[in-house]
Amino acid sequence: MLNIVLFGAPGCGKGTQASRLREHYGINHVSTGEVIRAEIARGTELGRSMEEYIKTGRLAPDAVVIGMIANYVAEHRDAAGNIFDGFPRTTIQAEEFDKILGGYGLGVTLMVDMHVPEEELVRRISAEKARAVREQAGMDAVVIAADTVVALDGAVLGKPADELEAFKMLSTLSGCRHQVYTGLTVLRGEERHTVSEETTVAFRELSEEEISCYIQTGEPMDKAGAYGIQGFGALLIEGIQGDYYNVMGLPVCRLGGILRQLGVDCLRLAAGERDSD
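The following paragraphs examine the structure supplied in this document. (Residues numbered from 1 in each chain as written. Predicted model: local features only at pLDDT ≥ 70, side-chain atom pairs only at ≥ 80, totals over all residues. Heavy atoms only, no water.)

1. Concerning the environment of Leu259
Then, number 1: Mapped onto the elements of the fold, Leu259 is located in helix H10 (residues 252-261).
Then, number 2: Owing to a relative accessible area of 8%, Leu259 belongs among the buried residues under this scheme.
Then, number 3: Sequence separation between Leu259 and Ile36 is 223 residues; the distance between their C-alpha atoms is 38 Å.
Then, number 4: If sequence neighbours within four positions are ignored, Leu259 has contacts with Val142, Ile144, Val186, Val264 and Cys266. (Helix = DSSP H or I, 4+ residues; strand = E, 2+ residues; numbered from the N terminus. Buried < 20%, exposed > 50% of the residue type's maximum accessible area, 1.4 Å probe, protein only. Contact = heavy atoms within 4.5 Å.)

2. Digging into the nonpolar core
Then, number 1: One finds Leu170, Val201, Phe203 and Tyr227 to be the most contacted residues of the largest nonpolar core, which totals 20 residues.
Then, number 2: Of all the secondary-structure elements, those providing two or more residues to this core are strand S5 (143-152), helix H7 (163-173), strand S8 (191-203) and helix H8 (208-216).
Then, number 3: Considering each element in turn, this core owes the most residues, four residues, to H7.
Then, number 4: Every residue in contact with Phe203, bar those within four places of it in the chain, is listed here: Leu170, Leu173, Ser174, Gly175, Cys176, His178, Tyr227, Leu236, Ile237 and Glu238. (Core = buried A, V, L, I, M, F, W, Y, C linked by side-chain atoms within 4.5 Å.)

3. Thoughts on the environment of Asp243
Then, number 1: Among the structural elements, Asp243 can be located in the loop between strand S9 (237-241) and helix H9 (244-248).
Then, number 2: Sequence spacing of Asp243 and Arg254 is eleven residues, and the spatial spacing of their C-alpha atoms is 9.2 Å.

4. Focus: the sheet that holds strand S6 (residues 155-157)
Each strand in a sheet pairs with its neighbour through backbone hydrogen bonds, running either in the same direction (parallel) or in the opposite one (antiparallel).
Then, number 1: Strands sit in the order S6-S5-S7-S8-S9 across an open sheet of five strands; the sheet is antiparallel. Two strands close off the open sheet at either side, each with one partner strand: S6 and S9. With strand direction ignored, the average angle separating the axes of adjacent strands in the sheet is 30°.
Then, number 2: Across four bridges, the pairing between S8 and S9 is antiparallel. Of the residues in S9, the one forming a bridge with Ala202 is Gly239.
Then, number 3: Each of S5, S6, strand S7 (177-188) and S8 touches helix H6 (residues 118-137); the most contacted strand, S5, lies at about 155° to it. (Pairing = 2+ DSSP bridges. Axes fitted to C-alpha atoms, helices over the stretch in contact; angles between N-to-C directions.)

5. Quick look at the sheet that holds strand S4 (residues 110-113)
Then, number 1: Across the sheet, four strands lie side by side as S2-S3-S1-S4; this open sheet has parallel pairing. Only two strands of the sheet have a single partner each, and these edge strands are strand S2 (28-31) and S4. In this sheet, neighbouring strand axes are inclined to one another by 20° on average, regardless of whether the strands run parallel or antiparallel.
Then, number 2: By the bridge criterion, five bridges tie strand S1 (residues 2-7) to strand S3 (residues 81-85) in an arrangement that is parallel. Across the sheet, Leu2 pairs through a bridge with Gly81, a residue of S3.

6. So, the pattern of salt bridges
Then, number 1: With the rule as written, the count across this model stands at nine salt bridges.
Then, number 2: Across the salt bridge formed by Glu120 and Arg124, the nearest N and O atoms sit 3.2 Å from each other. Residue Glu120 and its partner Arg124 are located together in helix H6, separated by four residues, close to a single helical turn.
Then, number 3: Glu120 gets classed as partly exposed once you look at its relative accessible area, which sits at 28%.
Then, number 4: Look at Arg124 and you get partly exposed, because its relative accessible area is 32%.
Then, number 5: In this structure, the salt-bridge partner of Asp147 is Lys129, at a minimum N-O distance of 3.1 Å. Of this pair, Asp147 sits in strand S5 while Lys129 sits in helix H6, and the two are 18 residues apart along the sequence. (Salt bridge = Lys/Arg side-chain N within 4 Å of Asp/Glu carboxyl O.)

7. Some words on the packing of aromatic side chains
Aromatic ring pairs are described here by two measures, namely the spacing of the ring centres and the angle between the planes.
Then, number 1: Applying the stated criterion across every chain yields a total of four aromatic pairs.
Then, number 2: The interplanar angle of 75° and the centroid separation of 4.8 Å between the aromatic rings of Phe84 and Phe97 together place this pair among those described as edge-to-face. Of the two residues, Phe84 is situated in strand S3 and Phe97 in helix H5 (residues 91-102); the sequence distance between them amounts to 13 residues.
Then, number 3: For Phe84, a relative accessible area of 1% puts it in the buried group.
Then, number 4: A centroid spacing of 5.4 Å and a plane angle of 90° characterise the contact between Tyr244 and Tyr245, whose relative ring orientation is edge-to-face.
Then, number 5: Judged by relative accessible area, which is 33%, Tyr244 ranks as partly exposed.
Then, number 6: With relative accessibility at 46%, the residue Tyr245 sits in the partly exposed group.
Then, number 7: An aromatic cluster is defined as three or more aromatic residues linked by ring pairs; in this entry it consists of Phe84, Phe87 and Phe97. (Phe/Tyr/Trp six-rings, centres within 6.5 Å; stacked < 30°, edge-to-face > 60°.)

Given below as structure tokens:
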């Protein structure tokens, strides 16, 4: 059985390439998102557990995701092959994935690491978000969408899956400079503006105790790179080069300039509101 793993950050084109490989080789495209939705639709124990995590905005633990993939492999072990998109994404998932395949005398045939410049990644994702909102809001609405990633030496750091991954991320960032990229898309009528902003962030040296204490605040768990500059994470940062608000997730100055091009002057609007008061 041919088993291909596509590895890369969201927006790098894994889905597009998986579709092409599926057509060429006649094998299954295993999207983690689709597997999760199928488990939820079937009302399985894993599906109900995952649904609860989604409702509360938490990332599901490795065990839940691994269990779903194990079920999929078991139910499709007679297939010609599979393209795994979005799994594995952690070391624990990778180790368990080897065990799952090994239980059927199988292994990973090929792993493809797909890399796209961070600026392009965030521009693509912000544009996709804006298009999705436009479908609901209509052509006359001003639609603003953004997406932010943290990158260190070419590696994109997303939201940590658990406290262990948060600890690893923060340990990696300790004493280093890294980049924060935000893609910004603004739509109005037929006009579209898509840009990206980069800010460099310098972390001070962190002790293991400090990292553990920060994780215990709960703040890192829903943030790319496992920190928030606007919260307790400010205690970890020596300085930045660039837009502070970009690190928070929205380059406000850049956004204001685009809105002015579209005929929306935020300062004039604010002044008008004050006059009316």
